[in-house]
Amino acid sequence: MIDSFTVEHYEHVSHRSFEDVVAAFEAELGSVEDDAIPREVAAATSRADFETRLRRYEGRSGFMRFLTNDHGAWMGRMGADAKIRSYVIGNPLVAQTMITHDPGVGLNVPIRVVIFQTSTGEVRLAYDLPSSLMSRLRNEDVSDAALALDAKLRALAELATGAVA
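Because the structure is a prediction, the values reported are computed rather than measured.

Conventions used here
- Residues numbered from 1 in each chain as written.
- Predicted model: local features only at pLDDT ≥ 70, side-chain atom pairs only at ≥ 80, totals over all residues.
- Heavy atoms only, no water.
- Salt bridge = Lys/Arg side-chain N within 4 Å of Asp/Glu carboxyl O.
- Helix = DSSP H or I, 4+ residues; strand = E, 2+ residues; numbered from the N terminus.
- Buried < 20%, exposed > 50% of the residue type's maximum accessible area, 1.4 Å probe, protein only.
- Phe/Tyr/Trp six-rings, centres within 6.5 Å; stacked < 30°, edge-to-face > 60°.
- Lys NZ or Arg CZ within 6 Å of the ring centre and 35° of its normal.

To continue, consider the pattern of salt bridges. On inspection of all chains with the given rule, the structure shows 16 salt bridges. A salt bridge links Glu26 to Arg85, with the nearest nitrogen and oxygen atoms 3.1 Å apart. Remark: Arg85 occurs in strand β4 (residues 84-90) and Glu26 occurs in helix α1 (residues 18-27); sequence separation between them is 59 residues. Arg39 is paired through a salt bridge with Asp34; the nearest N and O atoms lie 3.4 Å apart. With a relative accessible area of 42%, Arg39 lands in the partly exposed category. Exposure remark for Asp34: the relative accessible area of 47% places this residue in the partly exposed category. One network of salt bridges, in which partners are shared, links Glu26, Glu33, Arg65, Asp70 and Arg85.

Dropping the structure here:
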């Protein structure tokens, strides 16, 4: 099966420095980069216990960081001066509000976000809008939950950058 659909791409252009945007973004996230989720899955004794355990990893934004890639660090080793970090962020408790309606949601959660500085010095925070990624599933319950996720992601991006897309 091959399917085509439209994705909305957002970029928040900030007047802040790359370092300030990264710091503000990361300050709003919890982290499960140390494989916390498999540990908590194994330790949880019930759904309520699992939810309680996971909430400890949420940042103020409600998101957790699953993975950070500092592309600028490895690009520096290749002789390029670049400031770019990509992130995989999400929250299993939010993801389940969509995945329970269609397992195809798993392709696009957690969410990918990139913060980078352009050659002209602009700092941008970019992502593909979750509801647009989920639109190909054509599932109203998924769409409703994805719209709520859109709002959380936009709020985080605006807080980190001080800019609307």
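And the narrative resumes.
Before going further, it helps to examine the packing of aromatic side chains. Geometry of an aromatic ring pair is reported as the spacing of the ring centres plus the angle between the planes. Enumeration over the complete set of coordinates arrives at two aromatic pairs. Between Phe25 and Tyr87, the aromatic rings sit 4.9 Å apart at their centres with planes inclined by 55 degrees, giving tilted as the arrangement. In this pair, Phe25 sits in helix α1 while Tyr87 sits in strand β4, placing the two residues 62 residues apart along the sequence. Both residues of the pair, Phe25 and Tyr87, belong to the buried class. One residue, Lys152, lies across the ring of Phe63, its end atom 5.5 Å from the ring centre.

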